[in-house]
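Each chain is listed here by its residues.
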Amino acid sequence: MNGRRWLKAMTKATRPLLFLGLLGLLGACNLQGNGTTGATPCANPLFGPETPQGICNSPTAWVDEILAQGEDLPPETDPEWLLTKAAFFIPKHIVLRAGASGPTLGYLKLPDFPEYRFLVARRVPKAMDTQCLGFPYQGCFTREIQYGVAVFTEGMYELIGNAGLDPFFPYVTGKDGTIAGEWEWLTQVRTTRMVRLVQDPVDYANVLKADPNPHNGKTYAFKTRYRVEPRSGKYPKFLPEGTMAEPRRAPEYDAYPMSQGYYAFARSLANAYRVPEYAQQGAVPWPELEAVQHYWDNESYYAFQVGSGIVSPPTPLCLPGLGWVLPFYQGTFIPRKVPLDYDRIPREYFESHDIVVYSAALVPYVPYLTHIVYLVGQDVVDYAVYQADRSDGLGTYFPITNGLSLATPAPQYPVRGVGNPPGRTLRVGVLYRFTATEGWEPNPSHPYGEDEWHLVWSDVYLGGTKDNPDCRTLDIGFYTFDRATSARLDAHFGLAQVGGGLEHIYPFGPVPMLSRLGTRVFSDTSMTLAQPGEVKLPDWALPPDW
C-alpha cells in the first residue's frame, strides 16, 4: 500500500503516450465551447449566466464515471495479499472528466467532518499532460492526424486496467462505519476555442494565448459524492452518485491562478535530443517547447489556506472475511519553482543503455521531498520519503494511496491485521514536512507551509468480528506547527543533508533526511536507524486539540 512510485513515474516519462486530447481537432467544441458568452443558451445553466459552453448541454460533463469494475476477488489463498494488495488494485474501466476544461484541484472530505478538506488530487486537461506519439515533436499533432491516429475529442481520460479505484474514490470511513466520501472540486477554465488545426504543443500554447476562451481564468466549484460497499469474497463495490452537486461560480479564487504554462512534459521533451537514441529518431533542441513548461502555482494558498494540508487522516478499511487496514491519501506540494540546469546532469546518464537511467535523466527534476512520519499515539512507527511533485506533473491526477503498513505489526500497533479486529480505539497520525533538495534550510522568505511541520490524525475504532467488522472513525484533526516549534522538530528528528538512494534520479549529491530515523530514500522503508516506538513525538509538540 505504501509502495514507492519512483520507477513507475520515471518510466512513464518517456513511454509513448498517444496524444488523445487535441481539444477540438475533430469537432471537440463541446468541450471548449464556441468562445461566446451567451450566444448559445445553456440547456442546463449549472453556474448561471457564466456557465462554460462545454457543459451547457450536459450536467455531468465534469463528473467522473465508472464504466466497469471488478467483481470476484482473484483466487489467492493469502488473506494478507488480498487485504493489502487486491483491495487496492481493482480491475476497472473509468472515465475521468473533472479537470477536462482546465487545472483542477480535488479536496477530499470525510463523512461527518465537513470542516476539513484535504488537497490530495490535481488534474489538468489531457492536452496539457500527454505526449505525441514519436519524434520529431514539431508538427506532431497534424502528422498523427495525417496518419490516421485516433483523437480523443472530449479531452477526458479513459483508464482501463488494475491501477485501482480507490485513488478516484478513496476509502474513507465515517463515525457510523459507512465508507463514503465527497470530492470538492475547484476548476479554472483554461482552454480555447479551436479556430484552426493546431500543429504541436507550442502551437497549441500560441493559440491559447492568441484566441482565449472568454471563460478562461474563471473558477468554478462543485462536489461529487460516492460510497463504497464492502463485500465478502468480492472486491468492494464503488457507487458514485454520478451527479454534480452544489455547482457554483467561485470568483474568490480567480485572483489565484492554479497553474502556469501549457504542457507538462515540455521541459523533458525539449531536452530529449540529449539522449543519443532519441536524437537518431529526430529529436532536436527546442527551447520554445521548454518555455511553455506547465507547473502548479499558488501552492501554499490552495494547500494550507483553502485546504487542510495535502494528506488525509488514516481511516479504517475493514473487509468482511479478511481483516483491516488504515489507508490514507497523499497529494503533491512544491511551493517554489526551482530552476533546473540540464548541463549539470552527467553525460553518461543520457548515454546509458538502461531505459530507467536515461528516462530519469530526462525527468531529474526532484526539487522537493515529502517526509512522512507515521504515528500510533506519540510513537513513531515508520518513516517514508516521497518525491513531492513526482516529476513534471506526473501523478497529478490521483493521490498516492498510503498506509500504516508495518512489515510485521506488533500487538501494541495493530495498524493492519487478518482475522478479528482487536476491539480497541487507536490514535493514528501522519506527521509530515517538505524539504527542497537544494536550499532546503529554513528561511523567512519561504512560502507558508514549506518550513512548517504538519500533523493530521484520527481516532479509529477497530471492533466486531472477522466476518462482521465494526470499524469507525471517531474523530480527526489537523494542525500546522509554527516555525519555532517546527525548527525544534527538525532538530528532534535530525534533519540533515545525509540522504542517499536517489543517485540515478537526482545526481547532485545527498538530500535532506531525518537522520535519526534513516538515511536512505530509495528503499521500502526509510526508517532503518530506529525501531517502532523508539522515537516519539515529544510532549512539547502536541497540538492543543490532541
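Residues numbered from 1 in each chain as written. Predicted model: local features only at pLDDT ≥ 70, side-chain atom pairs only at ≥ 80, totals over all residues. Heavy atoms only, no water.

A. Representation of helix H6 (residues 201-210) in the model. Counting buried positions along H6 yields seven of ten residues, so the element is predominantly enclosed. Three or more residues of H6 are buried, namely Pro-201, Val-202, Asp-203, Tyr-204, Ala-205, Val-207 and Leu-208. Structurally, H6 contributes buried residues whose contacts are with helix H4 (126-129), helix H5 (140-146) and helix H9 (287-290). (Buried < 20%, exposed > 50% of the residue type's maximum accessible area, 1.4 Å probe, protein only. Helix = DSSP H or I, 4+ residues; strand = E, 2+ residues; numbered from the N terminus. Contact = heavy atoms within 4.5 Å.)

B. Local environment of empty space enclosed by the protein. Scanning all chains against the criterion turns up seven cavities of 30 Å³ or more. Here the largest cavity is characterised by a volume of approximately 80 Å³. Taken together, Val-63, Asp-64, Phe-169, Trp-183, Trp-185, Thr-224, Arg-225, Tyr-226, Pro-240, Glu-241, Gly-242 and Thr-243 make up the full set of residues lining the largest cavity. When contributions to the lining of the largest cavity are tallied by element, the ones reaching two or more residues are strand S6 (179-188) and strand S7 (219-229). Ranked by the residues each element gives to the lining of the largest cavity, the list is headed by S7, at three residues. Residue composition of the lining of the largest cavity, by class: six nonpolar, three polar and three charged. (1 Å grid on protein atoms, 1.4 Å probe; cavity = no way out; pocket = protein on both sides within 12 Å on 5 of 7 lines; lining within 4 Å. Points joined across faces, edges and corners; volume = space filled by probe spheres on them. Nonpolar A, V, L, I, M, F, W, Y, C, P; charged D, E, K, R; others polar.)

C. Region of the structure containing the state of the cysteines. Scanning the model with the defined rule gives one disulfide in all. The partner cysteine of Cys-318 in its disulfide is Cys-471, sulfur to sulfur 1.8 Å. Sign of the S-S torsion, about -90° for the bond between Cys-318 and Cys-471, identifies this disulfide as left-handed. Of this pair, Cys-318 sits in strand S12 (residues 317-319) while Cys-471 sits in strand S21 (residues 469-480), placing them 153 residues apart in sequence. You'll find Cys-318 and Cys-471 in the same group, each marked buried. (Disulfide = S-S within 2.5 Å.)

D. Looking closely at the pattern of salt bridges. For the structure shown, the criterion picks out 27 salt bridges. With a closest N to O distance of 2.8 Å, Arg-122 and Glu-299 form a salt bridge. You can see Arg-122 sitting in strand S4 (residues 118-123) and its partner Glu-299 sitting in helix H10 (residues 299-306), a full 177 residues away along the chain. The same class applies to Arg-122 as to Glu-299, namely buried. A salt bridge links Arg-344 to Glu-438; the nearest nitrogen and oxygen atoms lie 3.1 Å apart. In this pair, Arg-344 is assigned in the loop between strand S14 (327-330) and helix H11 (347-351) and Glu-438 in the loop between strand S19 (424-436) and strand S20 (454-464), connecting sequence segments 94 residues apart. Assessed through its relative accessible area of 43%, Arg-344 is described here as partly exposed. One salt-bridge network, in which partners are shared between bridges, spans Glu-50, Lys-218, Arg-249 and Asp-254. (Salt bridge = Lys/Arg side-chain N within 4 Å of Asp/Glu carboxyl O.)

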